[in-house]
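An overview of the molecular structure
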Amino acid sequence: FGDYSAAVGAILLVIYLVIVLFIFLEYSHVKFIKASIKSRKVQISLADVSKIISVCWVLTTIPVFALFMLIGSAGGVAEYINQIALRVEEWEGKGNYVAAVKMIPVLNLIYFSTLFSVKANRKAWLKYAAHFVLFVLCALATGSRNTLVLNFLLMLFIVAHLGYLPTKKTLISAGVACV
């Protein structure tokens, strides 16, 4: 790993520390936050949750299909993997596929926040785990480490703002995993 990797790691660490700082600052206002969340909480029916999740799954087919198109245009999986290092040059003219693949982190966050806001059951979380695996595979397939790390940080941020403040142990272990 060269200087670039160290710089990227330092930037990600700073971003993580800023998010953790805000979460720690919120610990001092927990009563206010929980009261605020309860007063503005939107009631979502199970039918609406089901629709949101269904739409997430349908829209997830777009990035997955786009990834298959990128792999196919590269000449197969082996050639695709070889192109990842030089993806800016090799994928020139394929920006529509790359943009479509970049849709999946947003869908993953919508799916996660929907399930987390309604306290979903284990079966729903297992379905989310399948979606999460697709997200991780798509993110890794595009060669983007930042997409993964940023999504984890945003998930932590969503959890904190829904009123479930993570423990210090969780924050530290998430930070170590991100770096």
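Notes on the structure follow. All figures in this text were calculated on a predicted structure; none of them were measured in a lab. Chains are numbered independently. Their residues run from 1 in the order of the written sequence. With pLDDT at 70 or above as the cut-off, local features in this predicted model cover only qualifying residues; side-chain atom pairs require 80 or more to be listed or tallied, and sums for whole chains, interfaces and linings still use all residues. Working from all heavy atoms in the structure, the side-chain values ignore hydrogens and water.

When you go through the chain residue by residue, the secondary structure sums to ten helices and zero strands. Under the scheme used here, helices are H or I runs from DSSP no shorter than 4 residues and strands are E runs no shorter than 2 residues, and both carry numbers assigned from the N terminus. Tracing the chain from N to C terminus, the helices and strands come up as α-α-α-α-α-α-α-α-α-α. Across the 179 residues that make up the chain, the buried fraction comes to 36%. Sequence separation of at least 24 residues holds for 76% of the intrachain contacts in the chain that already meet a minimum separation of 6. Exposure classes here rest on a 1.4 Å probe applied to the protein chains alone. A residue is buried below 20% of its type maximum, exposed above 50%, and partly exposed in between. Contact definition: two residues touch when any of their heavy atoms are within 4.5 Å.

Right, let's talk about the packing of aromatic side chains for a bit. Only centres within 6.5 Å qualify two rings of Phe, Tyr or Trp (six-membered ring in Trp) as a pair; their planes then separate them into stacked at under 30 degrees, edge-to-face at over 60, and tilted for everything else. All chains considered together, the criterion is met by eight aromatic pairs. Each ring, one from Trp 57 and one from Tyr 111, has its centre 6.1 Å from the other, and the planes form 80°; the classification is edge-to-face. With Trp 57 in helix H3 (residues 46-74) and Tyr 111 in helix H7 (residues 104-117), the pair connects residues that are 54 residues apart, well separated along the chain. The class of Trp 57 is partly exposed, set by a relative accessible area of 29%. You can call Tyr 111 buried: its relative accessible area is 1%. Members of the aromatic cluster, connected to one another through ring pairs, are Trp 57, Tyr 111, Phe 112, Trp 125, Tyr 128, Phe 132, Phe 135 and Phe 152.

The terminal C-alpha atoms of H7 lie 20 Å apart, and with 14 residues this matches the ideal 20 Å at 1.5 Å per residue to within 8%. Of all 14 residues in H7, ten are buried; the element is thus mostly enclosed. Where H7 is concerned, the buried positions are Ile 104, Pro 105, Leu 107, Asn 108, Leu 109, Tyr 111, Phe 112, Thr 114, Leu 115 and Phe 116. Positive backbone phi, approximately 55°, marks Lys 119, located one or two places after H7. Take the residue count of a helix, subtract one, and multiply by 1.5 Å to get its expected span.

Let us look at the environment of Ala 74. Locating Ala 74 in the fold gives a position in helix H3. When sequence neighbours within four positions are dropped, the list of residues in contact with Ala 74 reads Glu 79, Tyr 80 and Gln 83.

Bringing the nonpolar core into the picture now. Grouping buried Ala, Val, Leu, Ile, Met, Phe, Trp, Tyr and Cys residues that are joined through side-chain atoms within 4.5 Å yields what is termed a nonpolar core. Counting residues in hydrophobic clusters, the biggest one holds 33 residues, and the most contacted among them are Leu 67, Tyr 80, Phe 112, Leu 115 and Tyr 128. Residue assignment for this core shows that the elements contributing at least two residues are H3, helix H4 (77-84), helix H6 (95-101), H7, helix H8 (122-141) and helix H9 (145-161). Of the residues forming this core, the biggest block, nine residues, is contributed by H3. Those residues in contact with Tyr 128, other than ones at most four positions away along the chain, are Asn 108, Tyr 111, Phe 112, Leu 115 and Met 155. Listed in part, the eight residues of the second largest apolar core include Tyr 16, Ile 19, Val 20 and Val 149.

Attention now goes to the side chain of Thr 60. With respect to the helices and strands, Thr 60 occurs in helix H3. Discounting residues that sit within four places of it in the chain, Thr 60 has contacts with Ile 104, Leu 107, His 131 and Leu 134.

To continue, consider the environment of Asn 151. Within the secondary structure, Asn 151 sits in helix H9. With a relative accessible area of 3%, Asn 151 lands in the buried category. Sequence separation between Asn 151 and Asn 108 is 43 residues; the distance between their C-alpha atoms is 8.3 Å. Leaving out residues up to four positions away in the same chain, Asn 151 has contacts with Pro 105, Asn 108, Leu 109 and Phe 135.

For any two helices packed against each other, the geometry is given by the interaxial angle and the distance between the axes. At a closest axis distance of 9 Å, the pairing of H8 and H9 adopts a crossing angle of 145°. Packed against H8, whose contacting residues are Tyr 128, Phe 132, Phe 135, Val 136, Ala 139 and Leu 140, the element H9 presents Thr 147, Leu 148, Asn 151, Phe 152 and Met 155 at the interface. Counted by class, the contact of H8 with H9 contains nine nonpolar, two polar and no charged residues. Angles shown run from 0 to 180 degrees and are taken between the N-to-C directions of axes, each axis being a line fitted to C-alpha atoms and, for helices, limited to the stretch in contact. Classification used: nonpolar for Ala, Val, Leu, Ile, Met, Phe, Trp, Tyr, Cys and Pro, charged for Asp, Glu, Lys and Arg, polar for all others including Gly.

Turning to H4, its buried residues are Tyr 80, Gln 83 and Ile 84. The buried residues of H4 occupy an angular sector of 110° when the element is viewed end-on, so they sit on one face. In H4, those exposed residues whose orientation departs by more than 90 degrees from the buried face are Ala 78, Ile 81 and Asn 82. Relevant arc is that of directions from the helix axis to the C-beta atoms, nothing else.

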